[in-house]
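# Inside the fold
What follows is the residue order along each chain.
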Amino acid sequence: MQISQMDLVKFTLIELRRMKKLALISFLIISLLTLAAGWFLPRVYVSSSTILVDDQNILTPLMEGTAVATSVKDHAKNAWQLLTGQFAKARVEEFIAGEIDGFSDAEVDQLWEEIKYKTKVSNVGKNLISIKYKSSDPHEAQKYTAFFTDMFIDESVKDKRRESEAAYQFIAKQAYDYHEKLKGSEESLKVFRSANLGASPDSARTVSARILELQRSIEQTQLEIIEIEIQLKNIDAQLSGEAEVSAHLTEEGQIQKRVSSLQGQLDTLRMTYLDSYPDIIILKGQISALKDQIEQVRKQDKKEVSTSGALNPLLQQLRSHYSQHSTQLAALKTRLKATLNLLEGEKSRAVQINTVSAVLAQLTRDYDVNKDLYQKLLRQRETARVSMNIDIANQGMTLKIQDHAHLPSRPVGLRLMHFSLLGLLMAIAVPVGAMYLLVMFDGKVRSRYQFQNIIQAPVFGCISTYQNSEAIKNNRIWFILSCSTVVSVVAIYGYVIWLRLFS
């Protein structure tokens, strides 16, 4: 059968009175130990500063699209990395050089780890950074907080300047490289165009027209050759049926008439073509050959006269026509050959123009790409220059101390007052709690109802403990002693607190 809560409380007080010596000793030990712990526990002072990071100043809307503002996204993270890096360690060693004089490297590293452990950086607002330093010495807490605050502001400004300068130098280097590439592309275009003056893409239409013209000229010449060959065949057939009846013309006269005929044809062609025309060249050669033949005939001392009488006038006319057509046929064949050579030359030129066009297009694309990139880099370089000037003037992002590092006057955490209250409560609660647990779990029979439940028989009554005069006297002495002990402990607590507050 379970004991009721009222019985538990009653029996707890009974057991507490029965073991009053142990309870009083535990009360005294716990209270004094707790007070001693509160007295000797190191006091921790925290000094803090607040930095306002203002990356939206008056220049931001004015320079929008012209300058790129460098910003800090996670202020606390960047501040922590800066204040706990090797650079910060070197700065701290310079700052406390007198204090660590004679320290070994291991001792310096241990001191630096302690400093990092005592330092805390956090975001306390959208653009607010809090730097805190805790120490048992309030002056040391203020000193390191102020040092880290100044170092963070100084190095943040320098980092922004270095970042802007590095960005400007990089873009300027890229702009210089692409300027050299652009110059190389221009030189390549210049050399290529100079080496292919007659094969420019603009002359492709002219070459095509020239090819068509030469093809038409070849077709026309071939038709004329066919016509003249047919005429020569007809004249040759007529000459075979005619007899020579006229003998009054001498050989020299016949040659002279041929020269006159050829000279007439030459004059007619010169009215249309230049002397470099193939037909004119052929006629001039034939005239020169006939003149040489006349000279040879004249050198002969006699003239041959046909004995058969005068030649047939029709035969003479046919021979004259045959000679004219033969000369014309030779001229047409020569012109056809020259035209075919010109056509092959124009086709080769067309192939060369296509090749030149492809290479020129590639060179032009390279030039256009380099030019576009160079122009873009020039604009970016000027933007980076403006950004660098803004950061040099400290106008890109403003860092200012919102709350300066203060000298803490009160420690943080559990103080002596807290330990005093905790000690008194524990000194009372521990003995009472121990007796309460003892009554609950020791299994002793302390009430009539428990006993009645065990023996399953009615109980007529209970006899209380008899106390004689000596027991009553001892109880009074222990009561006075307990009250004196409690009062003494409270007095000690009050005295210690007074010493701590006014010392």
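Residues numbered from 1 in each chain as written. Predicted model: local features only at pLDDT ≥ 70, side-chain atom pairs only at ≥ 80, totals over all residues. Heavy atoms only, no water.

## Observations concerning the overall build of the chain
- Looking only at helices and strands, the chain features 14 helices and 4 strands.
- For the chain, the residues scored as buried account for 30% of the 503 residues in total.
- Contacts in the chain between residues far apart in sequence, at least 24 positions, make up 85% of those at least 6 positions apart.
- On the chain, roughly 32400 Å² of surface is accessible, and the fraction owed to carbon and sulfur atoms is 58%. (Helix = DSSP H or I, 4+ residues; strand = E, 2+ residues; numbered from the N terminus. Buried < 20%, exposed > 50% of the residue type's maximum accessible area, 1.4 Å probe, protein only. Contact = heavy atoms within 4.5 Å. Areas by Shrake-Rupley, 256 points an atom, 1.4 Å probe, with all protein chains shown as cover.)

## Notes on the environment of Gln402
- Positionally, Gln402 belongs in strand β4 (residues 398-403).
- Taking relative accessible area as the criterion, Gln402 reaches 45% and is therefore assigned partly exposed.
- A C-alpha to C-alpha distance of 5.2 Å links Gln402 and Thr50, two positions 352 residues apart in sequence.
- With residues up to four places along the chain from it excluded, the contact list for Gln402 reads Thr50, Ile51 and Leu52.

## Brief notes about the pattern of salt bridges
- Taken as a whole and assessed by the stated rule, the structure comprises 9 salt bridges.
- Across the pair Lys173 and Asp177 runs a salt bridge whose closest N-O atoms are separated by 2.9 Å. Residue Lys173 and its partner Asp177 are located together in helix α7 (residues 138-195), separated by 4 residues, close to a single helical turn.
- Lys173 sits in the partly exposed class, given a relative accessible area of 46%.
- Taken together, the shared-partner salt bridges in this structure form one network comprising Arg381, Glu382 and Arg385. (Salt bridge = Lys/Arg side-chain N within 4 Å of Asp/Glu carboxyl O.)

## Section: α7
- Compared with an ideal rise of 1.5 Å per residue, which puts 58 residues at 86 Å, α7 spans 85 Å between its outermost C-alpha atoms and is within 8% of the ideal.
- Near the N-terminus of α7, the side chain that reaches the backbone nitrogen of His139, with its oxygen 3.2 Å away, is that of Asp137. (Expected span 1.5 Å × (residues − 1). Polar contact = N/O pair within 3.5 Å; in protein donor to acceptor, adjacent residues only side chain to side chain.)

## Let's talk about the packing of aromatic side chains
- Throughout the structure, instances matching the rule amount to 5 aromatic pairs.
- Arranged with centres 4.3 Å apart and planes meeting at 20°, the rings of Phe95 and Phe147 form a pair that is stacked. Of this pair, Phe95 sits in helix α5 (residues 86-95) while Phe147 is found in helix α7, placing the two residues 52 residues apart along the sequence.
- The rings of Phe95, Tyr133, Tyr144, Phe147 and Phe148 are connected pair by pair, giving a single aromatic cluster. (Phe/Tyr/Trp six-rings, centres within 6.5 Å; stacked < 30°, edge-to-face > 60°.)

## Quick word on the nonpolar core
- Formed by 24 residues in total, the largest nonpolar core has its most connected members in Val92, Ile115, Ile129, Ile131, Phe148 and Phe152.
- Of all the secondary-structure elements, those providing two or more residues to this core are β1 (45-54), α4 (75-83), α5, α6 (105-118), β3 (128-135) and α7.
- The element best represented in this core is α7, accounting for 8 residues.
- Counting residues in hydrophobic clusters, the runner-up holds 15 residues, among them Ala175, Tyr178, Leu360 and Met388. (Core = buried A, V, L, I, M, F, W, Y, C linked by side-chain atoms within 4.5 Å.)

## Structural notes on the environment of Asp275
- Here Asp275 lies in the loop between α9 (251-270) and α10 (278-299).
- A relative accessible area of 41% means that Asp275 is categorised as partly exposed.
- Beyond its immediate chain neighbours, meaning those up to four positions away, Asp275 contacts Arg270, Ile280 and Ile281.

## Observations regarding a nonpolar patch on the surface
- There is a patch of nonpolar side chains on the surface, built from Ile25, Ile29 and Leu33 and spanning about 280 Å² of accessible area.
- Take Ile29: it is sitting in helix α2 (residues 20-40).
- The class of Ile29 is partly exposed, set by a relative accessible area of 43%. (Patch = residues over 30% accessible without salt bridge, like charges linked within 9 Å, V, L, I, M, F, W, Y side chains within 5 Å.)

## Some details on the side chain of Thr221
- Note on placement: Thr221 falls in helix α8 (residues 204-239).
- If we ignore the near neighbours within four places in the chain, the residues touching Thr221 are Leu332, Arg335 and Leu336.

## Some remarks on the confidence of the model for the chain
- Of all residues in the chain, 77% attain a pLDDT of 70 or more, and the chain-wide mean is 75.
- Segment residues 57-72 is flagged for pLDDT under 50; beyond a separation of four residues in sequence, or across chains, it makes 24 contacts in the model.
- For the stretch residues 301-311, pLDDT sits under 50, and the model shows 19 contacts to residues farther than four places along the chain or on other chains. (pLDDT = per-residue confidence, 0-100.)

## Side note on the packing of α5 against α6
- Here α5 crosses α6 at 105°, and the two axes come no closer than 11 Å. On the basis of their axis angle, the class for α5 and α6 is roughly perpendicular. Residues Ala88, Lys89, Val92 and Glu93 of α5 touch α6, and the partners they reach there are Val108, Asp109, Trp112 and Ile115.
- When its residues are assigned to classes, the contact of α5 with α6 shows 5 nonpolar, no polar and 3 charged. (Axes fitted to C-alpha atoms, helices over the stretch in contact; angles between N-to-C directions. Parallel < 35°, antiparallel > 145°, perpendicular 65-115°, else oblique. Nonpolar A, V, L, I, M, F, W, Y, C, P; charged D, E, K, R; others polar.)

## What about the side chain of Ser31?
- Structurally, Ser31 is set in helix α2.
- Separated by 3.0 Å, the side chain of Ser31 and the backbone oxygen of Leu28 make a polar contact.
- Once residues lying within four places of it in the same chain are set aside, the contact partners of Ser31 are Gly423, Ala427, Val489 and Tyr493.

## Section: the pairing of strand β2 (residues 119-123)
- For β2 and β3, the ladder comprises 5 bridges, and the chain directions are antiparallel. Following the sheet pairing, Thr119 is matched in β3 by Tyr133. (Pairing = 2+ DSSP bridges.)

## Re the packing of α5 against α7
- Contact geometry for α5 and α7: axes closest at 12 Å, N-to-C directions at 130°. Accordingly, the angle class assigned to the pair α5 and α7 is oblique. The element α5 and its partner α7 pack so that their crossing is right-handed. Packed against α5, whose contacting residues are Phe87, Ala88, Arg91, Val92 and Phe95, the element α7 presents Lys143, Tyr144, Phe147, Phe148, Met151, Asp154 and Glu155 at the interface.
- In terms of residue class, the contact of α5 with α7 is made up of 8 nonpolar, no polar and 4 charged. (Left-handed = near helix turned anticlockwise from the far one by under 90°.)

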